[in-house]
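Residues per chain, in single letters:
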Amino acid sequence: MPVPTESYLNEFLYGELVDVVGPENVSASQSDKIAYSCDYYWIPELWLDRGRPLPEPDLVVHPRSAEEVSRVCRIAANHKAPLTTWGGGSGSQGGALPIHGGILLDTKKLNRILEIDKTSLTVTAETGIIMQHLEWALEREGLATMHEPASIGCATLGGFLAHRGTGVLSTKYGKIEDMIMSLEAVLPDATIINTLAVPRHASGPDLNQLFLGSEGTFGVITKATLKVHPLPEVRRFHAFVFPDLHAGLEAGRQIMVRRLRPSVIRLYDEAETRRLIRRVLGIDKEGAYLVFGFDGDEDLVDLEMQKALAICRALPHEDLGSRLGEDWWDHRYDFFFPNHMFHLPQAFGTLDTVATFAKIENVYRAMKRVIEEQFPMARYIGHFSHWYEWGCMLYARFIIDQAPDDAHEAVQLYNRIWDACLRAAIAEGGLLNEHHGIGLKLGRLMRELYGPAFGLLEHIKKAIDPGNIMNPGKMGFETFR
Amino acid sequence: MLITDHAATIEACRFCFMCRHVCTLGVVSGKESDTPRGKGLILFKILKGHADYGADLVDTLYRCCLCGLCETWCKAGCRPPAAVVAARADIVAQGKAPEQVRRIKEQLVQTGNPFGLPPGERFQALEGPNLFRERAEVLYYAGCDTAYRQPRIAQALLKIFQAADADFTLLPGERSTGKPLLLLGYPAEARAMSGDLAEQIRATRCRTLVTGCPSSFDAFTRDYPAMGLDLGRIEVLHTAQYLDRLLAEGRLAPLLSAATSATLLDGTYLGRTHGIFDPPRRVLGKLAGLDLREMVWTRELAYSAGEPGGVFHLLQPQLSRQLAARVLDEAANTGAGVLATTCPATKTALAEVEQASLEVLDVAEILARAL
Ligand SMILES: Cc1cc2nc3c(=O)[nH]c(=O)nc-3n(C[C@H](O)[C@H](O)[C@H](O)COP(=O)(O)OP(=O)(O)OC[C@H]3O[C@@H](n4cnc5c(N)ncnc54)[C@H](O)[C@@H]3O)c2cc1C
Ligand code: SF4
Ligand code: SF4
């Protein structure tokens, strides 16, 4: 494979990489440069759509073991070449984009399932495995991680760990960071480390947490052990419409503080309710649509369901029964195919954030106000779909039906909306993000979110990656020089 | 540019990740450029004039095996394989077809088969009285892969014809249907070859055409009508359907299976395209003593060993072996002793990989052994 580049130095890099992984696993092909220049972030999509050149990797490498990853890291460190880890490229924050060129490390050939421990109910797998492939293999054994994101077929285990991803059943089973037992990672100095075998102990701080959410800036996660669960005997849903969002939030809160364990609660604001009910039921309805579900042994599910129904029925409500919930479950991935998803020339962004019950409604309203008052060309919708004992996640979205024709103008407008909305969210006690991560998109706001604590994160980054080669330019860390 | 007709697919796929985990090639190679999204990005650039067909992009577009799993999975009605075939025709029209593609095309045009083997050797492995008859009920179209690479499948079928006392003939001037030319990006050459064959078939005035090759079956039933080619009033059947009919009519004596367990591999044309899933299963189900098992990936979602047109294993031998290994692993998971196929090109591709626990046999061969 020729290495088309102005610099003959890349020839050295290429040769050394081939030495590690073989010629079939290193590419400088134009096809790969195109395919790895764009992830699920709106800005590169727009840029590509408008025919503008995107930053591309110089070389793409597909290592097949942690040892190979380690040797690739050594080469990158010696050459001071940027090393960007790419799992499925389905991240929406530009996290996997090789914005400074260099080596792009695709993890998808690290895809073996190493052990299913049926005694302890854990699974150990390499992190480049596509989540759905892992899930299908577990299903054959009657097991599941219960990590059910809409991108289950698009994204890798490593990508979810790196972004602290979440699935639709997270309210009961947790986000990926709640599922992790231990992990293996390769540091930028090529050391292969393992965290402790179990996550609950008093043997020092939890190193898992250092890598969760680190978005490839601290190293490459190469292996992970996760908890798994038996497939549930039954899964049941029920839906209501409440007069307004406030009432719906109260219903969800009561279910959670009563310490019931629903696997799903989804509450839609008035705007999304109108759209959704019309699409599914073909009728117009005002209010806030709430669906929840329980899974597990039938008798336990029935009991919890009764208690949750009693909570909802004590509030002003309209009972919609179970069909809508079941329909949603059966078609939960359909909404992400292009015929349903937002797409160019629309501009859109998912402002997922999280706060306590005391604050989440204010966060929702603050962002809504920003859109309505400052960006009249945009509309705002939201739903609340991951619930904790103390609060919940808001999945808000802004949509502009026609992004400005001029790419520069479009990007500037886009970033202004993000800044204004997220600053409003932070002011009300919300965070920058709940499960999509920071990436390139939100890095500039990290210092505002963390305050002086961001300095600590910077120290950690410098200690682990003094050459700043790991995914430079992301998470608000110093960019590549 | 023919890809203009596929703009909707290209514009949807370029930013969509929803079928990457089922894309045969994407899963096997791990390369983003091999997924429908990757190809969508590339073709979008071509469509808008932001890129040219350089050698790398051309290479990517000839790596897709056209298995159609993406299309089956897609809920947006997109058709990546059709977009890829259109792109190939554009590539050919620009004189940028890779050397290997041009060679296969030349061989098809010169010898009527993609291997470049002498036309005179086509039926060399077949014996029997009266294989070529003036008039017959059934025309058996073997196809290139069966004739040159898997003559045992044809031999098995001849044995079955005889056992069922079927009135059949071969076509003396048999050659490729033109399907591989179409899939490689040579629609005009494909049309010429197809027209010639259609004429010969029409002239036989047979009532039924039977072929064991799903790519040929698809050519006769979809491509020819689309090209305006008329085969006369002939009914086209895949052997699986024909054998199913013979069994239903009681034209074959009770059958005792030689193998004890089998699993059936569905394919792109017979399965995903034409929905012919049950006839081969019914045939195997009629064999006493045969335990038929299903793979997890079966019917419209069956793994692909690269079937369309039988050109994938000629173009991409290394990838073809990887695809075959994946199919064999999946089949071995059932614990069956035989992997039953309904496609000679698939059988050839699978034979290139060692899999000690499985014997790969065409449905016709399994049936013939039970006679
Ligand atoms: C249709 C669709 C639906 C989605 N739905 C959800 C959803 O329901 N829930 C959800 O959480 N997200 C969702 N996402 C977003 C996305 O799937 C997640 O962010 C996911 O975690 C990204 O994984 P990936 O393998 O694609 O990672 P990439 O996009 O390739 O990378 C993301 C980041 O992780 C880093 N990284 C990747 N692998 C490793 C590794 N092994 N070690 C270290 N760093 C690594 C990269 O450097 C990058 O910074 C959705 C995306 C799409 C396209
Ligand atoms: S074929 Fe459908 S699912 Fe696959 S990338 Fe294209 S639009 Fe998405
Ligand atoms: S036809 Fe098969 S190999 Fe080609 S893109 Fe679709 S799924 Fe992948």
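Residues numbered from 1 in each chain as written. Chains lettered and ligands numbered in written order. Predicted model: local features only at pLDDT ≥ 70, side-chain atom pairs only at ≥ 80, totals over all residues. Heavy atoms only, no water.

Participant: What is the right way to read the overall build of chain B from this model?
Facilitator: Broken down by element type, chain B carries 19 helices and 8 strands. A compact globule built from 371 residues would reach a C-alpha radius of gyration of about 21 Å, and chain B, at 20 Å, matches this within 12%. Scored against the burial criterion, the 371 residues of chain B give a buried share of 64%. Within chain B, contacts between residues separated by at least 24 positions form 76% of all contacts whose residues are at least 6 apart in sequence. Of the roughly 13,500 Å² of accessible surface on chain B, a fraction of 48% belongs to carbon and sulfur atoms. Of the charged side chains in chain B, 41 are positive and 41 negative; the average position of the first set lies 3 Å away from that of the second. (Helix = DSSP H or I, 4+ residues; strand = E, 2+ residues; numbered from the N terminus. Rg over C-alpha atoms; globule rule 2.2 N^0.38 Å. Buried < 20%, exposed > 50% of the residue type's maximum accessible area, 1.4 Å probe, protein only. Contact = heavy atoms within 4.5 Å. Areas by Shrake-Rupley, 256 points an atom, 1.4 Å probe, with all protein chains shown as cover. Lys, Arg positive; Asp, Glu negative; His and termini not counted. Charge placed at Lys NZ, Arg CZ, Asp CG, Glu CD.)

Participant: How should I be thinking about the site of ligand 3 in this particular structure?
Facilitator: Near ligand 3 the following residues occur: Cys23, Thr24, Leu25, Pro36, Lys39, Cys64, Cys65, Leu66, Cys67, Gly68, Cys70 and Pro81 of chain B. Elements that contribute at least two residues to the shell around ligand 3 include exactly helix H2 (24–29) and helix H3 (36–47) of chain B. (Near = heavy atom within 4 Å.)

Participant: Help me out: how do you make sense of the site of ligand 2 in this one?
Facilitator: What surrounds ligand 2 is the set Phe337 and Pro338 of chain A together with Cys13, Cys16, Met18, Cys19, Pro36, Cys74, Cys78 and Pro80 of chain B. Nearby residues around ligand 2 are contributed by chains A and B.

Participant: Hey, could you run me through the packing of aromatic side chains in this one?
Facilitator: How two aromatic rings sit relative to each other is given by the distance of their centres and the angle of their planes. For the coordinates displayed, the defined rule picks out 32 aromatic pairs over all chains. Taking the centre distance of 5.7 Å and the plane angle of 85 degrees together, the rings of tyrosine 40 of chain A and phenylalanine 17 of chain B count as edge-to-face. Taken together, the residues span two chains, with tyrosine 40 of chain A in the loop between helix H2 (30–35) and helix H3 (42–49) and phenylalanine 17 of chain B in the loop between helix H1 (7–13) and H2. Taking 6.0 Å as the distance between ring centres and 75 degrees as the angle between the ring planes, the aromatic pair formed by phenylalanine 292 of chain A and phenylalanine 294 of chain A counts as edge-to-face. Of the two residues, phenylalanine 292 of chain A and phenylalanine 294 of chain A, both sit in the buried class. Here the aromatic cluster, defined as three or more aromatic residues joined through ring pairs, consists of Trp42, Phe398, Tyr414 and Trp418 of chain A. Directly above the aromatic system of tryptophan 47 of chain A lies the positively charged group of arginine 52 of chain A, at a separation of 4.7 Å from the ring centroid. (Phe/Tyr/Trp six-rings, centres within 6.5 Å; stacked < 30°, edge-to-face > 60°. Lys NZ or Arg CZ within 6 Å of the ring centre and 35° of its normal.)

Participant: So what exactly am I meant to see when it comes to the nonpolar core here?
Facilitator: When a protein is soluble and globular, its nonpolar side chains tend to lie buried together. In terms of nonpolar packing, the biggest core is built from 176 residues, with Trp42, Leu157, Phe292 and Phe384 of chain A touching the most fellow members. Sorting elements by how many residues they give to this core places helix H15 (residues 407–427) of chain A first, with 12 residues. Excluding residues within four positions of it along the chain, tryptophan 42 of chain A makes contact with Leu344, Gln346, Ala347, Phe348, Ala403, Ala410 and Tyr414 of chain A. Formed by 40 residues, the second largest nonpolar core is a distinct cluster that contains Tyr140, Ile160, Leu170 and Val210 of chain B. (Core = buried A, V, L, I, M, F, W, Y, C linked by side-chain atoms within 4.5 Å.)

Participant: Honestly, helix H17 (residues 453–464) of chain A in this entry has me stumped. Any pointers?
Facilitator: One full turn of an α-helix is made of 3.6 residues, so residues set three or four places apart face in the same direction. Residue and element names in this part refer to chain A. Under the 1.5 Å per step criterion, the end-to-end length of H17 is 17 Å for 12 residues, consistent within 8% with the ideal 16 Å. Those residues of H17 not exposed but buried are Phe454, Leu457, Glu458, Lys461 and Ile464. Projected down its long axis, H17 carries its buried residues within an arc of 130 degrees, all on one side. Exposed and oriented more than 90 degrees from the buried face of H17 are Leu456, His459, Lys462 and Ala463. Its buried side turned inward, H17 meets helix H9 (208–211) and helix H16 (446–450). (Expected span 1.5 Å × (residues − 1). Arc of directions from axis to C-beta.)

Participant: I would appreciate a short explanation of the interface of chain B and chain A in the present structure.
Facilitator: Many descriptions give the size of an interface as the accessible area lost when the pieces come together. Contacts between chain B and chain A engage 34 residues on the former and 41 residues on the latter. When chain B packs against chain A, the two sides together hide about 3,200 Å² of surface, and 65% of this comes from carbon and sulfur. Across the chain B-chain A interface, the total number found is 5 salt bridges. The residue glutamate 330 of chain B makes a salt bridge to arginine 140 of chain A at a minimum N-O spacing of 3.1 Å. Between chain B and chain A we count 18 residue pairs in polar contact (both at pLDDT 80 or more) in total. Those elements giving two or more residues to the side of chain B that touches chain A turn out to be H2, H3 and helix H4 (55–61) of chain B. Top element by residues in the side of chain B that touches chain A is H3 of chain B. It accounts for 6 residues. Looking at the side of chain B that touches chain A residue by residue, the class counts come to 17 nonpolar, 8 polar and 9 charged. (Buried area = accessible area lost by both parts, 1.4 Å probe. Salt bridge = Lys/Arg side-chain N within 4 Å of Asp/Glu carboxyl O. Polar contact = N/O pair within 3.5 Å; in protein donor to acceptor, adjacent residues only side chain to side chain. Nonpolar A, V, L, I, M, F, W, Y, C, P; charged D, E, K, R; others polar.)

Participant: When you look at the pattern of salt bridges in this model, what are you seeing that I'm missing?
Facilitator: Oppositely charged side chains may form a pair once their charged atoms are brought near each other. Residues and elements named next belong to chain A. Counted by the stated rule, this structure contains 54 salt bridges over all chains. Arginine 332 is paired through a salt bridge with glutamate 148; the nearest N and O atoms lie 2.9 Å apart. Taken together, the positions of arginine 332 in the loop between helix H13 (323–330) and strand S16 (347–356) and glutamate 148 in the loop between strand S7 (143–144) and helix H6 (157–163) put the pair 184 residues apart, joining distant regions of the chain. Overall, arginine 332 belongs to the buried group, its relative accessible area being 15%.

Participant: Any chance you could explain the domain arrangement of chain A here in plain terms?
Facilitator: All names here are of chain A. Segmentation of chain A into domains returns domain 1 (8–106), domain 2 (113–230), domain 3 (234–336) and domain 4 (347–441). Each of domain 2 and domain 4 has a C-alpha centre, and these two points are 28 Å apart. Tallying the contact residues gives 10 residues for domain 2 and 10 residues for domain 4. Applying the counting criterion to the domain 2 and domain 4 interface returns 0 salt bridges. There are 7 residue pairs in polar contact (both at pLDDT 80 or more) connecting domain 2 and domain 4. Taken together, the residues of the side of domain 2 that touches domain 4 sort by class into 1 nonpolar, 6 polar and 3 charged. (Domains from an automatic or database assignment.)

Participant: How should I be thinking about the pairing of strand S8 (residues 359–362) of chain B in this particular structure?
Facilitator: A regular strand carries its side chains on alternate faces of the sheet. Residues and elements named next belong to chain B. Strand direction decides the pairing type here: strand S7 (residues 338–341) and S8, joined by 4 bridges, are parallel. Across the sheet, the residue bridging to leucine 339 is valine 360, located in S8. What joins S7 to S8 is helix H18 (residues 344–351), and the crossover it makes is right-handed. (Pairing = 2+ DSSP bridges. Right-handed = clockwise from strand over helix to strand, strands pointing away.)

Participant: Hey, could you run me through a nonpolar patch on the surface in this one?
Facilitator: Residues and elements named next belong to chain A. On the surface, Tyr8, Leu9 and Phe12 cluster together into a nonpolar patch covering about 390 Å² of accessible area. Note that leucine 9 resides in helix H1 (residues 9–21). For leucine 9, a relative accessible area of 55% gives the class exposed. (Patch = residues over 30% accessible without salt bridge, like charges linked within 9 Å, V, L, I, M, F, W, Y side chains within 5 Å.)

Participant: Please clarify how the sheet that holds strand S6 (residues 291–293) of chain B should be interpreted in this entry.
Facilitator: Strands in a sheet are paired, the pairing made by backbone hydrogen bonds, and the direction either parallel or antiparallel. Residues and elements named next belong to chain B. In spatial order, the strands read S6-S5-S7-S8; together these 4 strands make up an open sheet with parallel pairing. At either margin of the open sheet sits one strand with a lone partner, and together these are S6 and S8. Direction aside, neighbouring strands of the sheet carry axes that sit 35 degrees apart on average. (Axes fitted to C-alpha atoms, helices over the stretch in contact; angles between N-to-C directions.)

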